Structures are given as structure tokens and as C-alpha cells.
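Per-entry structural report
Okay, here's what each chain looks like letter by letter:
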Amino acid sequence: MSGIRSETFAGFGGAELAVHRLGEGRAVILLHGLFSDAQTNWVRFGHAERLAEAGFEAIMPDLRAHGQSAKPHEPEGYPHDVLVRDAQALVEQLGLADYDLGGFSLGARTAVRCVLAGLRPRKLVLGGMGLEGLAGWDRRAAFFIDAIDRFDEVKHGDPAFMAVAFMKTQKIDRVAARLLLQAVDDTAESELGGVTMPTLVVCGAQDRDNGSPQKLVDALPNAVLAEIPGTHMSSVTEPELGEAVIRFLTA
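Residues numbered from 1 in each chain as written. Predicted model: local features only at pLDDT ≥ 70, side-chain atom pairs only at ≥ 80, totals over all residues. Heavy atoms only, no water.

Scanning the entire structure with this criterion turns up two aromatic pairs. Ring centres of Phe-35 and Phe-144 lie 5.5 Å apart, and the angle between their planes is 90°; this geometry places the pair in the edge-to-face category. Here Phe-35, found in the loop between strand 3 (26-31) and helix 1 (38-43), pairs with Phe-144, found in helix 5 (residues 137-149); they are 109 residues apart in sequence, far enough to count as distant. On the basis of relative accessibility, which here comes to 3%, the residue Phe-35 falls in the buried class. (Phe/Tyr/Trp six-rings, centres within 6.5 Å; stacked < 30°, edge-to-face > 60°. Helix = DSSP H or I, 4+ residues; strand = E, 2+ residues; numbered from the N terminus. Buried < 20%, exposed > 50% of the residue type's maximum accessible area, 1.4 Å probe, protein only.)

If you want it as C-alpha cells, here you go:
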């Protein structure tokens, strides 16, 4: 898509991370999901363009170990909550004081962690996320680590087949991804009282990969639920995702 401006910023430890920007209006930081990137999650299916047309600037980093961003192979490049530290660096270096924040799946987990670590967006969007998805990360990480470790052995019918197929499509750096999977922290339900800003939980009707979105809404102080078509993977392709986000941010 024309009009996208790509640049880099310094993440934790000075890692060179890519960020892609579209539009000229109010800043909306969008964090993509695991093994994805800004292009796949936000650009390819028109969500960023819809936001720009609605008067926003979509600010879309490629998370560490993804897309055009650095993919360190050293464990010290992946301290706990490193994605939160990278997001804090982005906000600081862009000089953002008034902005919205959203994420899908791993990006939604990261967005919640960002708020608990001190970022204060005006509104928060959590896509593809349920209450159970914010805790119990060790189990989810173990599934993906196993998929990485058995990468060349996984065949059709294996529970890890779709994960491996997506990693192949995205040309994932498996060494970096494996390290990142061990650097994501859990969020307990008891912590969610600290997420006080208006929050949209948007989830596919057939998506329960990260648990119950309604239970997440119920656990947050100021949240609403928007159900859109699709599964965890397919809901990202639906125009209703971007449309739900715009309705919420402009309300």
C-alpha cells in the first residue's frame, strides 16, 4: 500500500526495530500477533488504511524477532517483558503523549502488560484475547517451543501443523522466536483492576484460542465486547475487525 512510512527505532538494548506508519491523525499503536508482523496483521487486509481514512495514524511496529525488526540470537536480548520495554521505547522516542493502543493475540497480551507497566493510552483494544490467555503463558509457550523443536518432523494432522505452516509462510527465525517465547510474562486476573481506561475486547465468533472474551470483559473495569466473524487466524482477515476498532475509537 502506498503512503506507508517505514523507519526504525531503538528498542531495549539498542536493538534496531522497524515501525510502519500510515495516516496523519491521532496516533494508534498497533501490536501484531505471534509469528506475524505489521504487514500481515494490520496492512494486508486493510485495517490500517481504514484507520487512516477515519482520521488516525496507525503506528505499527514489527515486534522483536519478527518482520523487519532485529532478531537477536543471544539470551540477553530477551529479558522478561522485553516486548513491553520495546513498546515503552517506541512511545518515548516518538514523543507520544496522547494516543490509543491496541494489539492482537500476543500483541493484546503485550498491550495489557504495557498498561500495567505505566503506559497510559486514552483507549485500549484487545483483539483475539480472552481472560485465560493472559495467564498460563508457559503452557502456550511450551506448545510453540515444541513446534519449533520438531519443525522438520511435523506432518499434516499433527496438532502443531498449522503453527509450523504459519512459521514457514512468515519465514520465522526460529532461534529468535524460541528465545522470545520464554520472555513473555503472565498477567493475573487480580491485576486487571489497573487497566482502567475504556477497553474494547474484539474477538472472532469461533475464536477461543485464548479463552473467553466475555470473561475478560467482565474482569476489566471498563470494557465492552465486539464479536466479529471468524476463528483466531481468520478474524484478522475480516473487515469487521478494523471497523469495530474504528467505531470504538471514535465513540
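Looking at where Arg-122 falls in the secondary structure, it is placed in the loop between helix 4 (106-116) and strand 6 (124-127). Between the C-alpha atom of Arg-122 and that of Met-167, which follows or precedes it by 45 residues, the distance is 34 Å.

With that out of the way, let us pick up helix 7 (residues 174-181). Every buried residue belonging to helix 7 is among Ala-176, Ala-177, Leu-179, Leu-180 and Leu-181, and all of these are buried. Each element contacted by the buried residues of helix 7 is listed here: helix 3 (82-94) and helix 5. Measuring from the backbone nitrogen of Val-175 back to the side-chain oxygen at the start of helix 7 gives 3.2 Å, which picks out Asp-173 as the cap. (Contact = heavy atoms within 4.5 Å. Polar contact = N/O pair within 3.5 Å; in protein donor to acceptor, adjacent residues only side chain to side chain.)

Our focus in this paragraph is the pairing of strand 8 (residues 223-228). Pairing analysis gives six bridges linking strand 7 (residues 199-204) to strand 8, with the strands arranged parallel. Looking across to strand 8, one finds that Thr-199 is bridged to Ala-223. In this view, the connection linking strand 7 to its parallel neighbour strand 8 by way of helix 8 (residues 213-219) has right-handed handedness. (Pairing = 2+ DSSP bridges. Right-handed = clockwise from strand over helix to strand, strands pointing away.)

With that settled, the discussion passes to the environment of Glu-49. Along the chain, Glu-49 falls in helix 2 (residues 47-53). Residues Glu-49 and Glu-240, 191 residues apart in the sequence, show an inter-C-alpha distance of 13 Å.

What follows deals with the side chain of Thr-199. Summarising the element assignment, Thr-199 is placed in strand 7. Engagement of the side chain of Thr-199 in a polar contact is seen with the backbone oxygen of Met-197, the distance being 2.9 Å. Those residues in contact with Thr-199, other than ones at most four positions away along the chain, are Leu-124, Leu-126, Leu-220, Asn-222, Ala-223, Val-224 and Phe-248.

The next thing to look at is the sheet that holds strand 8. Here eight strands make up an open sheet; going across it, the order is 1-2-4-3-5-6-7-8 and the pairing mixed. Two strands close off the open sheet at either side, each with one partner strand: strand 1 (5-10) and strand 8. When strand polarity is set aside, the average angle formed by the axes of neighbouring strands in this sheet is 20°. Strands strand 1, strand 2 (16-22), strand 3, strand 4 (56-61) and strand 5 (99-104) of the sheet are contacted by helix 3, whose axis makes an angle of about 110° with strand 1. Helix 4 contacts strand 3, strand 5 and strand 6 of the sheet and is inclined by roughly 140° relative to strand 5. (Axes fitted to C-alpha atoms, helices over the stretch in contact; angles between N-to-C directions.)

Once that is clear, we can look at the nonpolar core. Grouped together as the largest cluster of nonpolar side chains are 64 residues, with contacts concentrated most on Ile-29, Leu-192 and Leu-216. Residues contacting Leu-216, with those up to four places away along its chain left out, are Leu-126, Met-129, Gly-130, Leu-131, Leu-134, Leu-192 and Val-201. Residues Ala-38, Met-60, Val-236 and Leu-249 belong to the second largest nonpolar core, which totals 24 residues. (Core = buried A, V, L, I, M, F, W, Y, C linked by side-chain atoms within 4.5 Å.)

Packing of helix 3 against helix 4 leaves a shortest axis separation of 9 Å and a crossing angle of 70°. Classified by the interaxial angle, the pair formed by helix 3 and helix 4 is roughly perpendicular. When the axes of helix 3 and helix 4 are compared, the crossing they make is right-handed. Only Leu-106, Thr-110, Arg-113 and Cys-114 of helix 4 make contact with helix 3, whose side of the interface consists of Leu-83, Val-84 and Ala-87. Here the contact of helix 3 with helix 4 is composed, by residue class, of five nonpolar, one polar and one charged. (Parallel < 35°, antiparallel > 145°, perpendicular 65-115°, else oblique. Left-handed = near helix turned anticlockwise from the far one by under 90°. Nonpolar A, V, L, I, M, F, W, Y, C, P; charged D, E, K, R; others polar.)

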